[in-house]
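Reading the structure
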Amino acid sequence: MFFDNMPKAELHLHLEGALPPRTVLQLAKRNGLLDLLPGETEEAIARWYVFQDFYHFMDVVRTIKNLLRTAEDFALAVYDAGRELAAQHIRYAEITVTPYTYIGFLKQGVTIEMVLEGLEAGRQRVRSEFGVELRWIFDIPRNRAFADYHNGGDYVAGAAENTLEFALAGKDFGVIGLGLGGNEINAPPEPFAHVFAEAKRYGLKSIPHAGESAGAKSVWGAINDLQADRVGHGVRAIEDADLLHTLAARQIPLEVNLTCNVYLKFVSSLKEHPLPELDRAGVMVTINTDDPTLIGTTLSKEYQLLVDIFGYSTADVIRIARNAFTASYAEPDLKARFLLEFDTWANNMASQNALKSPHS
Ligand SMILES: [Zn+2]
């Protein structure tokens, strides 16, 4: 594929959604949890991965989370996810992990020390073997912070405050931001203002999901109440011209996930995805996969969609791919190094003037 060789950064990627079937099988085997899986072969796991609907998808994600029980499990997951990234020439990734789900919800004996030890061991191995740099976003499972998981109700302390503690504990181990994931319906951003303010006081970035399942109001809440530095999804900002203007004026980047939005039915088809309109409005957009192995995509494929579905030129794809490095929270010297690598590749492409047609 044309964009395979382009050096890439990915900013919106959930650890459990980035694991190949092989890893899931291995985790289940070594923890004696094969009965949680629908089969004992990679083929069976691959069939189970195939996207059916939102509920099946959530069931797969929950099951995978339940297989991670030790520091070694987290290290293996990170290593295998890192290998997948390296194969796509992804040079840098900010991966979302939800420690509260393991520690406070599943309660299978996982501690924050185990999570951090495993993530760090995996990350170092990925760096030394593949030269890929990883950073973490620890996200709050938003629905667990309301009295009624499905219907909202009063805000309850716990999930958010604990996640903040975990993220602060992880600052020396590559955690760069606090996130907010889950279903936005009945779980608005405003009640989380205090934890995000605290996170920012300690130098973490505010990177909530907003404007995926809920509309523009949720994105306004993310930028006004959570002081979002970057927004996960944010595509429903398209519903509000003032919001578009604000996002563009302040250059608050959006992490767009094309295929994922369509699979989860937040956008009716790729053709109707608002990405080109957001881009034309001057919003800083980045392209990501969210859960590549579970929705059967890769970052290269997502870039190819810009060409195949929206008719983007190679130059436009390169412009957008560069945004992911710019909008990353890599330390300045690292960011400069990756941008140089990216620009060198882009200049080579331009000077070859070969620009083999990206149209597949
Ligand atoms: Zn996400």
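Residues numbered from 1 in each chain as written. Predicted model: local features only at pLDDT ≥ 70, side-chain atom pairs only at ≥ 80, totals over all residues. Heavy atoms only, no water.

**A short note on the overall build of the chain**
Formally: For helices the rule is a DSSP run of H or I covering at least 4 residues; for strands it is a run of E covering at least 2, with both sets numbered from the N terminus onward. In this setup the radius of gyration rests on C-alpha atoms only. A globule is expected at 2.2 Å times the number of residues raised to 0.38. Only protein chains enter the accessibility calculation, which uses a 1.4 Å probe; a residue is then buried when its area is under 20% of its type maximum, exposed when over 50%, and partly exposed in between. We call two residues in contact when some of their heavy atoms are within 4.5 Å. Computed with the Shrake-Rupley method and a 1.4 Å probe, the accessible areas treat only the protein chains shown as cover for residues.
Of the regular secondary structure elements, the chain holds 16 helices and 10 strands. In terms of C-alpha radius of gyration, the chain reaches 19 Å, essentially the compact-globule figure of 21 Å for 360 residues. Taking all 360 residues of the chain together, the buried fraction comes to 59%. The long-range share in the chain, meaning contacts at least 24 apart out of those at least 6 apart in sequence, stands at 73%. Approximately 14,200 Å² of the chain is accessible, and the part contributed by carbon and sulfur atoms is 51%.

**Comments concerning the layout of surface pockets**
Note the following rule: Grid points spaced at 1 Å and placed over the protein atoms alone form the basis of the search, with a cavity being a set where a 1.4 Å probe fits but cannot get out and a pocket an open set showing protein on both sides within 12 Å along at least five of seven lines. Lining residues have an atom within 4 Å of a point. Grid points are joined across faces, edges and corners, and a volume is the space filled by probe spheres set on the points. Residue type decides the class: Asp, Glu, Lys and Arg count as charged, Ala, Val, Leu, Ile, Met, Phe, Trp, Tyr, Cys and Pro as nonpolar, and the leftover types, Gly among them, as polar.
Looking at the largest pocket, its volume works out to about 910 Å³. For the largest pocket, the lining is made up of 33 residues, of which Phe54, Met58, Tyr149, Gly182 and Asn183 are closest to its centre. For the lining of the largest pocket, the secondary structure elements donating two or more residues are helix H3 (54-65), helix H5 (99-106) and strand E3 (133-141). When residues in the lining of the largest pocket are grouped by element, the largest group, seven residues, is from H3. Looking at side-chain class alone, the lining of the largest pocket contains 13 nonpolar, 12 polar and eight charged residues.

**With respect to the packing of helix H15 (residues 314-326) against helix H16 (residues 332-352)**
For any two helices packed against each other, the geometry is given by the interaxial angle and the distance between the axes. Note the cut-off: Axis angles are defined between N-to-C directions and span 0 to 180 degrees, where every axis is a line fitted to C-alpha atoms and, for a helix, only to the segment in contact. Orientation categories follow fixed angle ranges, with anything under 35 degrees roughly parallel, anything over 145 roughly antiparallel, 65 to 115 roughly perpendicular, and all other angles oblique. Handedness of a crossing follows from how the near helix is turned relative to the far one, being left-handed for an anticlockwise turn of less than a right angle and right-handed for a clockwise one.
Remark: H15 packs on H16, axes separated minimally by 10 Å, with the N-to-C direction vectors making an angle of 170°. The angle between H15 and H16 places the two elements in the roughly antiparallel class. Judged by the sense of rotation from one axis to the other, the crossing of H15 with H16 is right-handed. Residues Ile318, Ala321, Arg322, Phe325 and Thr326 of H15 pack against Lys335, Phe338, Leu339, Phe342, Asp343, Trp345 and Ala346 of H16. Here the residues of the contact of H15 with H16 sort into eight nonpolar, one polar and three charged.

**Focus: the side chain of Glu10**
Convention followed: Positive residues here are Lys and Arg, negative ones are Asp and Glu, while His and the chain termini are left out of the count. Whenever Lys or Arg places a side-chain nitrogen within 4 Å of a carboxyl oxygen from Asp or Glu, that contact is recorded as a salt bridge. For this analysis, a polar contact is any N or O atom pair within 3.5 Å, provided that within protein one partner can donate a hydrogen and the other can accept it, and provided that sequence-adjacent residues contribute only side-chain to side-chain pairs.
Looking at the element boundaries, Glu10 is found in strand E1 (residues 8-14). Although buried, Glu10 forms no salt bridge, and the nearest oppositely charged side chain, Lys8, lies 9.2 Å from it. In terms of polar contacts, Glu10 uses its side chain to reach the backbone amide nitrogen of Thr289, at 2.6 Å.

**Considering the coordination of the zinc ion**
Here is the rule: Only N, O and S atoms count as donors, using a 2.8 Å cut-off from the metal and 3.2 Å for Na, K and Ca, and because water is excluded some sites may appear unfinished.
On the protein side, the zinc ion has His12 (NE2), His14 (NE2) and His209 (NE2) as donor atoms, found 2.1 to 2.2 Å from it. Coordination of the zinc ion draws on donor residues from a single chain, spaced H-x1-H-x194-H in sequence. Within this pair, whereas His14 is found in strand E1, its partner His209 is found in strand E7 (residues 205-210), the two being separated by 195 residues in sequence. The same class applies to His14 and to His209, which are both buried.

**Thoughts on the nonpolar core**
Proteins that are soluble and globular tend to have nonpolar side chains buried together. Defined as follows: The term nonpolar core refers to a set of buried residues drawn from Ala, Val, Leu, Ile, Met, Phe, Trp, Tyr and Cys, joined through side-chain atoms within 4.5 Å.
In terms of nonpolar packing, the biggest core is built from 118 residues, with Phe138, Phe192, Tyr303 and Leu306 touching the most fellow members. Discounting residues that sit within four places of it in the chain, Phe138 has contacts with Val97, Pro99, Ile112, Leu116, Leu119, Thr163, Phe166, Ala167, Val175, Gly177, Leu178 and Gly179.

**Some words on empty space enclosed by the protein**
Evaluated as defined, the whole model comprises two cavities of 30 Å³ or more. Of the volumes computed, that of the largest cavity is approximately 40 Å³. Among the secondary structure elements, those contributing two or more residues to the lining of the largest cavity are E1, E3 and E7. Looking at the lining of the largest cavity residue by residue, the classes come out as three nonpolar, four polar and two charged.

**Re the pairing of strand E6 (residues 175-181)**
How we decide: Think of it this way: DSSP has to see at least two bridges between two strands before they count as a pair.
Within E6, seven of the seven residues are buried, leaving the element largely enclosed by the surrounding structure. Here six bridges tie E3 to E6, and the two strands are oriented parallel to one another. The partner of Ile137 across the bridge, within E6, is Gly177. Pairing geometry for E6 and E7, over four bridges, is parallel. Looking at E7, one finds that Gly179 is bridged to Ile207.

**Topic: the sheet that holds strand E2 (residues 90-97)**
Judged by pairing direction, the sheet is parallel, and its eight strands sit side by side in the order E1-E2-E3-E6-E7-E8-E9-E10 without closing on themselves. Both outer strands of the open sheet, E1 and strand E10 (285-287), are each paired with one neighbouring strand and no more. Pairs of neighbouring strands in the sheet enclose a mean axial angle of 25°, with direction left out of account. Of the pairings in the sheet, the one linking E2 to E3 comprises six bridges and is parallel in character. Across the sheet, residue Thr96 finds its bridge partner in E3, namely Ile137.

**A look at helix H14 (residues 299-308)**
Across the 10 residues that make up H14, a large majority, eight, are buried. What H14 keeps buried is the set Leu299, Ser300, Glu302, Tyr303, Gln304, Leu305, Leu306 and Val307. Residues of H14 that are buried in the fold lie against E1, E2, helix H11 (258-263), helix H12 (275-280), E10 and H15.

**With respect to the packing of aromatic side chains**
The condition is simple: Stacked, edge-to-face and tilted labels apply to pairs of Phe, Tyr and Trp rings (six-membered ring for Trp) whose centres lie within 6.5 Å, assigned for plane angles under 30 degrees, over 60, and everything in between, in that order. To sit over a ring, a charge needs its Lys NZ or Arg CZ within 6 Å of the ring centre and within 35 degrees of the ring normal.
For the structure shown, the criterion picks out 16 aromatic pairs. Centre to centre, the rings of Phe342 and Trp345 are 6.2 Å apart; their planes meet at 45°, and the pair counts as tilted. Taken together, the residues span about one helical turn, with Phe342 and Trp345 both in helix H16 at a distance of three residues. For the pair formed by Phe342 and Trp345, the shared burial category is buried. A network of ring pairs unites the aromatic residues Tyr92, Phe325, Phe338, Phe342 and Trp345 as a single cluster. The ring of Tyr79 has Arg125 lying over it, and the distance from NZ or CZ to the ring centre is 3.6 Å. The lysine or arginine in question, Arg144, covers the ring of Phe105, its NZ or CZ lying 3.5 Å from the ring centre.

Purely geometric numbers; function is a separate question.
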